[in-house]
Amino acid sequence: MKGKRQQCQAGTGIAFFGLLLFLLLSPGMLFAASDDSIVFDDIQLEEPLKYPDWFILPSGDLGDDLEDALAKGKQGIVVYFGQKRCSYCEQFLSLDLGTPDIRTYMQKNFDVLPIDIWGIEDITDTDGNEYTERDLSIKYQVNFTPSLIFYNSEGEKVFRLRGFYPPYKFRAALKYVVGEFYKTETFRDYLARAEPGVFFQEGGLTERDFFMAPPYELARTDQPAVKPLAVFFEQGNCHACDLLHSGPLNDDRLVAELDKMDVVQVNIASDDEVTTPSGKKTTAREWGDELGIFHLPTILFFDEAGREVMRVDSIVQFYRMWGVLDYINRRAYNEQVDYQLWRLKQRDVAE
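Throughout this description, residue numbers start from 1 for each chain and increase along the sequence as written. The model is predicted, so local features are restricted to residues of pLDDT at least 70 and side-chain atom pairs to those at 80 or more, both for listing and for counting; the totals for chains, interfaces and linings are taken over all residues. Heavy atoms throughout the structure, all of them, feed into the side-chain values; hydrogens and water do not.

Only runs of H or I of at least four residues qualify as helices and only runs of E of at least two qualify as strands under DSSP, and these elements are numbered from the N terminus. From N to C terminus, the chain includes 12 helices and 13 strands. Counting every position in the chain, which comprises 351 residues, the buried fraction comes to 54%. The contact rule is simple, with two residues in contact once any of their heavy atoms fall within 4.5 Å. In the chain, the proportion of contacts linking residues at least 24 apart, taken out of those at least 6 apart, comes to 72%. Of the accessible surface of the chain, which amounts to about 16100 Å², a share of 50% is contributed by carbon and sulfur atoms. Each residue gets one of three labels from its accessible area relative to the maximum for its type: buried under 20%, exposed over 50%, partly exposed in between, using a 1.4 Å probe on protein chains only. Residue-level accessible areas treat just the shown protein chains as cover; the underlying method is Shrake-Rupley with a 1.4 Å probe.

The following block contains the structure:
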């Protein structure tokens with residue numbers, strides 16, 4: 001298989017000055033140019049995407065690919081799960097990887113291996129198990145593209161990202177993995193330390209008619225509920241939260257879908273008492289810690305029995321949000337079919 005390995009094209013020269021600036025940044029400075037105001041049309045692209053010329057096509061064995069990366073002095077590999085006409089993938093490739101210091105830092109530390117979630121090529125994971133590209137995507141529950149899985153030098157999967165994040169947060173994720181902070185703290189804790197006074201900032205939340213009033217008694221295990229449950233984790237002074245409400249959730253079609261659910265808004269920075277869907281009594285802050293939430297807003301969806309079936313914890317626009325709400329309200333999670341395949345079937349029916 002190694003003989004078939006090919007690099008997409010020879011990479012461009014290293015932007016040394018950009019890399020130097022990146023390495024000099026302290027964790028707190030990673031957020032100096034933060035931007036949660038990214039808005040784009042998330043319809044399916046008309047033209048298929050092309051990978052950056054420095055991506056490395058997989059050999060068929062991720063263990064071999066990892067060995068090659070280590071031989072080049074890199075820390076590990078990143079497996080990029082994408083789709084050819086994914087508008088979120090386009091944003092990631094153009095904004096995140098199009099930022100010179102991020103691209104240079106990524107190339108310096110990792111080989112990036114692209115996988116099409118609909119692909120049929122055989123892939124052997126670092127654990128020795130063989131899958132098709134499609135099956136590997138299902139194994140890692142790639143509900144949203146782009147998704148990235150970071151492998152360290154031992155072949156261990158140490159971090160993953162689901163969906164598209166603004167450049168400042170993706171930059172922080174890279175530094176989190178390269179600095180091996182995952183060994184001692186969660187990404188949520190790392191972000192809180194790097195962004196003091198903002199990530200846990202108190203303040204008023206955006207009030208909406210579809211949010212249930214407290215107390216938050218969400219237990220569903222002993223007595224199943226009639227409707228699915230959507231839990232919005234937000235906080236005050238959260239620009240991205242405001243954009244979600246003034247953008248996608250300002251559309252009556254999405255509000256109509258939310259009206260079919262039990263919907264709760266939780267202030268992740270508060271000590272409000274919460275009884276979780278599993279029946280555990282805790283606080284909003286502790287529940288967020290337990291769930292590992294690091295992006296706000298994050299929306300968790302639970303079935304009638306209190307089982308988490310999906311979460312949206314990255315930038316989301318109208319059509320992705322519509323797809324998720326439709327999936328939940330149709331109880332498609334009971335059909336034992338993954339979200340991406342279900343959405344593909346819905347598009348076929350619509351056409």
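This paragraph deals with the sheet that holds strand 7 (residues 216–217). Judged by pairing direction, the sheet is mixed, and its three strands sit side by side in the order 7-10-11 without closing on themselves. Every interior strand has two partners, whereas the edge strands, strand 7 and strand 11 (281–283), have only one. Paired strands are those between which DSSP finds at least two bridges. Where strand 10 (residues 273–275) lies against strand 11, three bridges are found, and the strand directions are antiparallel. Pairing of Glu273 across the sheet is with Thr283, part of strand 11.

Our next topic: the packing of aromatic side chains. Two rings from Phe, Tyr or Trp (for Trp, the six-membered ring) form a pair when their centres sit within 6.5 Å of each other. Planes less than 30 degrees apart are called stacked, planes more than 60 degrees apart edge-to-face, and all others tilted. The tally for this structure, following the rule as stated, stands at 29 aromatic pairs. With centroids separated by 5.1 Å and ring planes inclined at 70°, the aromatic side chains of Phe159 and Phe187 adopt a geometry described as edge-to-face. Linking Phe159 in strand 6 (residues 157–162) with Phe187 in helix 7 (residues 187–194), this pair joins segments that are 28 residues apart in sequence. By relative accessible area, Phe159 is classed as buried at 12%. The buried category is assigned to Phe187, whose relative accessible area is 3%. With a centroid separation of 6.3 Å and an interplanar angle of 25°, the aromatic rings of Trp287 and Phe302 are classed as stacked.

Turning to the sheet that holds strand 2 (residues 110–116), a few remarks are in order. Strand order in the open sheet made by the four strands is 2-1-5-6, with mixed pairing throughout. At either end of the open sheet lies a strand with only one pairing partner, and these are strand 2 and strand 6. Across the sheet, the mean angle from the axis of one strand to that of its neighbour is 20°, orientation sign disregarded. In the packing of helix 2 (residues 62–71) onto the sheet, the strands contacted are strand 1 (76–82), strand 2 and strand 5 (147–151), and the crossing angle to strand 1 comes to about 130°. Only the stretch in contact is used when fitting a helix axis, every axis being a line fitted to C-alpha atoms; angles between N-to-C directions are given from 0 to 180 degrees.

On to the confidence of the model for the chain. For the chain, the average pLDDT comes to 87, and 85% of its residues sit at 70 or higher. The predictor's confidence in any single residue is recorded as pLDDT, a number from 0 to 100. Overall, residues 1–34 carries pLDDT values under 50, and its contacts beyond four positions in sequence, including any with other chains, amount to 58 contacts. With pLDDT under 50 throughout, residues 196–202 is counted as low confidence; its partners more than four residues away or in other chains account for 22 contacts.

In this section: the environment of Leu341. Tracing the chain through its elements places Leu341 in helix 12 (residues 339–350). Given a relative accessible area of 28%, Leu341 falls into the partly exposed group. C-alpha separation for the pair Leu341 and Ile138, spaced 203 residues apart in sequence, amounts to 9.7 Å. Excluding anything up to four places from it in sequence, Leu341 contacts Trp118 and Arg134.

This part is about the packing of helix 4 (residues 100–109) against helix 6 (residues 167–178). Closest axis-to-axis distance for the helix 4/helix 6 pair is 11 Å, and the angle between their directions is 25°. Considering their axes alone, helix 4 and helix 6 lie roughly parallel with respect to each other. Helix 4 and helix 6 meet at a crossing whose hand is left-handed. Each of Asp101, Ile102, Tyr105, Met106 and Asn109 in helix 4 lies in contact with helix 6, whose residues at this interface are Pro167, Phe170, Arg171, Leu174, Lys175 and Val178. Looking at the contact of helix 4 with helix 6 residue by residue, the class counts come to seven nonpolar, one polar and three charged. For classification purposes, angles smaller than 35 degrees are called roughly parallel, those larger than 145 roughly antiparallel, those between 65 and 115 roughly perpendicular, and all remaining angles oblique. Left-handed describes a crossing whose near helix is turned anticlockwise from the far helix through less than a right angle; right-handed describes the clockwise counterpart. Following the grouping adopted for this structure description, the nonpolar residues are Ala, Val, Leu, Ile, Met, Phe, Trp, Tyr, Cys and Pro, the charged ones are Asp, Glu, Lys and Arg, and the polar ones are all others, Gly among them.

Within the span of helix 2, buried status applies to Leu62, Asp65, Leu66 and Ala69. For helix 2, the arc enclosing every buried residue in end-on projection is 100°, short of the 170-degree limit, so these residues lie on one face. Contacts made by the buried residues of helix 2 are with strand 1, strand 2, strand 3 (122–124), helix 5 (133–139) and strand 5. Two N or O atoms count as a polar contact when they lie within 3.5 Å, although within protein this holds only if one can serve as hydrogen donor and the other as acceptor, and sequence-adjacent residues are included solely when both atoms are side-chain atoms. Capping the start of helix 2 is the job of one residue whose side-chain oxygen sits 2.8 Å from the backbone nitrogen of Gly63: Asp61. Backbone geometry just downstream of helix 2 places Gly73 in the positive-phi region, at approximately 85°. Directions from the helix axis toward the C-beta atoms define the arc.

Let us now look at the environment of Gln83. For Gln83, the position within the fold is in the loop between strand 1 and helix 3 (87–96). With 61 residues separating them along the chain, Gln83 and Phe144 place their C-alpha atoms 9.7 Å apart. Among residues more than four places away in sequence, those in contact with Gln83 are Leu49, Cys89, Ile117, Trp118, Thr145 and Gln340. One polar contact links Gln83 to Trp118, side chain to side chain, over a distance of 2.9 Å. A polar side-chain atom of Gln83 sits 3.3 Å from a polar atom in the side chain of Gln340.

The next subject is helix 11 (residues 318–329). In a helix, the anticipated span is given by 1.5 Å times the number of residues less one. Relative to the 16 Å expected for 12 residues at 1.5 Å per residue, helix 11 spans 16 Å between its end C-alpha atoms, a close match to the ideal helical length. Counting buried positions along helix 11 gives 10 out of 12 residues, so the element sits mostly inside the fold. Listing the buried residues of helix 11 in full gives Phe318, Arg320, Met321, Gly323, Val324, Leu325, Asp326, Tyr327, Ile328 and Asn329. Phi for Arg331, located one or two positions after helix 11, is positive at around 55°.

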